[in-house]
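Tertiary structure, described
So you can see what is in the structure, the chains are spelled out below.
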Amino acid sequence: MKSASYWLDTAPVIATAESKLSSANVDVVVIGGGFTGLSSALALAQRGATVALCEAGIVGGEASGRNGGQCNNGTAQDYAGLIASYGEDKARAFYQFYNQAVDSVESLVRDEQIDCDFRRAGKIKLAAKPEHFEKLVKTHEALIKEVDTDAKLLDAAQLQREIVSDQFYGGLLTPNGAQLHVGKMVHGLATRCIEKGVAIFQHQPVIRVDKKGPQQWVVHTPEQTIVATSVLVATGGSGPGPFSWFRRRIVPVGSFAITTEPLNKQMCESLFPGNRSYVTSKNIGNYFRLTPDRRLLFGGRARFAVSNSRSDLKSGDILRQSLYDMFPQLANTRIDYCWGGTVDMSADRLPKVGEHNGMFYAMGYSGHGVQMALHMGKVMADLIDGKPTHCPWKTTNWPAVPFHFGKPWFLPLVGMYYKVQDKLH
Ligand SMILES: Cc1cc2nc3c(=O)[nH]c(=O)nc-3n(C[C@H](O)[C@H](O)[C@H](O)COP(=O)(O)OP(=O)(O)OC[C@H]3O[C@@H](n4cnc5c(N)ncnc54)[C@H](O)[C@@H]3O)c2cc1C
């Protein structure tokens, strides 16, 4: 078994000739080379801006290259719950922005000819308890009335035509969701950035940012000093650097995944006749899908822990057991990959976009960032250009998470709380 992201391991290598700046001055320095940073760098370069992108590790090496590869419409929070918390107008705007984000990824793939196995597979939320199905009934009613007329409720018998497991009591299908090979997407985006003249500096963590004037920044890495008119912080949920203000507002939560060996075609068709993306309804639940080469990618938060090599393997054991429980037919199937990554959670699980001390930022996608971080490219380019944007995540008042100073000491407690919730409800 490889202790590595399946996506990164099966993506083409990015041809990074040593990037050089033609001048020490650029229009924009992008800090972070995940989907937010890469899509923004590309959108800015397409508009004629000179861009340098500094990445602490390798591009796509964190969440963007380690996720479940689901590119779904729909928010991190349940839609009926969103209406209860924010009212119909805001909830509708949030959901519709996710619809737009998936459309935007589809356009990006088409316009830039990125070969990344993008497919409108649809997503099914699977009710792990009878009372969870009752909740899905309410969500379905709200969705078809408001924002997703294609959403379909599936009772337990109908669900068997989509996925064969005796653990679920029905499901909610949202057919507009997509999936993609995120390693290939990273490769495609980075390649287009380089073609457009973006200078990409890998293994260059930003260690200092000096503000010299309203539109003059000096960004320092161990080997580069770059003067810029604007700075975009796209550091996700992880990473070093002088960004403690952001670290106090984003909680880095580990999420883990495994993939099986390739399954034969008959097994795939008999277990997953619908071949969708799937998520289960528990708080400490699972997400899964087939990969283009017919492996089952199976993920989840598993332990509410941070990701590191030991933690990834421990979580991988839990995931393997959950996978075998859900699909006993796969009990003799080998696990080929196991990895973990960091989810950038905001306190309300809604993305955050704005300016802090003159630096632009976009982050906090809370596990729903494949589509949103990719959509942010154009949004952030508009914002940096000073153009009007209709982004519902624009944040003017973003309070710190109480008692959080960067290291999520409280994660085991949160995990315990959710475990109890999952037992009770
Ligand atoms: C295991 C897992 C499963 C997930 N599954 C899904 C899914 O199926 N669907 C979905 O929609 N979302 C999913 N997500 C969330 C999604 O992957 C993220 O929301 C999204 O990739 C965020 O992109 P980003 O560019 O903002 O952050 P990242 O991809 O984390 O990129 C940030 C980059 O900034 C760099 N950086 C940090 N500090 C510095 C510094 N000081 N200097 C230079 N560079 C720095 C980091 O090295 C990193 O490469 C998942 C996440 C994880 C971890």
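See above for the structure.
It should be emphasised that the depicted structure is a prediction, and the values quoted were computed from it without experimental measurement.

This brings us to the overall build of the chain. When helices and strands are tallied, the chain shows 12 helices and 18 strands. Relative to the globule expectation of 22 Å for 425 residues, the C-alpha radius of gyration of the chain, 21 Å, shows essentially globular dimensions. In the chain, buried positions account for 52% of the 425 residues. The long-range share in the chain, meaning contacts at least 24 apart out of those at least 6 apart in sequence, stands at 76%.

Moving on, we come to the pairing of strand β17 (residues 352-356). In this structure, β17 lies alongside strand β18 (residues 359-363), joined through 5 bridges in antiparallel fashion. Note on β18: the bridge partner recorded for Lys352 is Met363. The antiparallel pairing of β17 with β18 creates a hairpin that spans 2 residues between the two strands, and Asn357 there sits at a positive phi of about 55°.

In this section: the environment of Thr342. Mapped onto the secondary structure, Thr342 falls in strand β16 (residues 335-345). Taking C-alpha positions, Thr342 is 8.4 Å from Gly236, a pair spaced 106 residues apart along the chain. Residues in contact with Thr342, not counting those within four places in the same chain, are Glu62, Ala63, Gly237, Ser238, Pro252, Gly254 and Ser307.

Counting 126 residues, the largest nonpolar core has Val28, Val29, Ala41, Val51 and Cys193 as its most contacted members. Not counting chain neighbours up to four residues away, the residues in contact with Val29 comprise Ala52, Cys54, Trp217, Val219, Ile226, Ala228 and Val231.

Attention shifts here to helix α4 (residues 88-111). Side chains of residues three or four places apart in an α-helix project in the same direction, reflecting 3.6 residues per turn. End to end, α4 covers 34 Å across 24 residues, agreeing with the expected 34 Å (1.5 Å per residue, within 8%). All buried positions along α4 are accounted for by Ala91, Phe94, Tyr95, Phe97, Tyr98, Ala101, Val102, Ser104, Val105, Leu108 and Val109. Those residues of α4 that are buried lie in contact with β3 (70-71), α3 (79-86), β7 (178-179) and α11 (370-385). Following α4 by one or two positions, Gln113 has its phi on the positive side, about 50°.

The end-to-end C-alpha distance of helix α7 (residues 182-195), which contains 14 residues, comes to 20 Å, matching closely the 20 Å that a straight helix rising 1.5 Å per residue would cover. Along α7, 12 of the 14 residues are buried, which leaves the element largely enclosed by surrounding structure. Looking at the buried residues of α7, the elements they touch are α1 (6-9), α2 (35-46), β8 (199-201) and α11. Just past α7, the residue Gly197 takes up positive phi, approximately 95°.

What surrounds the ligand is a group of 46 residues, the closest being Gly34, Gly236, Gly239, Gly241 and Gly369. The set of elements that each furnish at least two residues to the shell around the ligand consists of α2, β12 (251-260), β16 and α11. In terms of residue count, β16 provides more of the shell around the ligand than any other element does, 4 residues in total. The class makeup of the residues in the shell around the ligand is 16 nonpolar, 26 polar and 4 charged.

Running from N to C, α3 and helix α5 (residues 130-146) point in directions that differ by 75°, and their axes come no closer than 7 Å. When the interaxial angle is binned, α3 and α5 end up roughly perpendicular. On α5, the residues touching Tyr79, Ala80 and Ile83 of α3 are Lys138, Thr139, Ala142 and Leu143. Broken down by class, the residue content of the contact of α3 with α5 amounts to 5 nonpolar, 1 polar and 1 charged.

The next subject is the packing of α2 against α7. Orientation of α2 relative to α7, taken along the N-to-C sense of each, is 30°, at an axis distance of 9 Å. The orientation of α2 relative to α7 falls into the category roughly parallel. When you trace α2 past α7, the crossing you get is left-handed. Across the interface between the two elements, Leu38, Ser39, Ala41, Leu42 and Ala45 of α2 pack against Leu189, Ala190, Arg192 and Cys193 of α7.

This brings us to the environment of Asp317. Its location among the elements puts Asp317 in helix α10 (residues 309-326). According to the C-beta neighbour criterion, Asp317 is partly exposed, with 13 such atoms within 10 Å. Taking C-alpha positions, Asp317 is 10 Å from Phe256, a pair spaced 61 residues apart along the chain.

Cut-offs applied
- Residues numbered from 1 in each chain as written.
- Predicted model: local features only at pLDDT ≥ 70, side-chain atom pairs only at ≥ 80, totals over all residues.
- Helix = DSSP H or I, 4+ residues; strand = E, 2+ residues; numbered from the N terminus.
- Rg over C-alpha atoms; globule rule 2.2 N^0.38 Å.
- Buried ≥ 20, exposed ≤ 12 C-beta atoms within 10 Å, placed from the backbone.
- Contact = placed C-beta atoms within 7 Å.
- Pairing = 2+ DSSP bridges.
- Core = buried A, V, L, I, M, F, W, Y, C linked by C-beta atoms within 7 Å.
- Expected span 1.5 Å × (residues − 1).
- Near = placed C-beta within 6 Å.
- Nonpolar A, V, L, I, M, F, W, Y, C, P; charged D, E, K, R; others polar.
- Axes fitted to C-alpha atoms, helices over the stretch in contact; angles between N-to-C directions.
- Parallel < 35°, antiparallel > 145°, perpendicular 65-115°, else oblique.
- Left-handed = near helix turned anticlockwise from the far one by under 90°.

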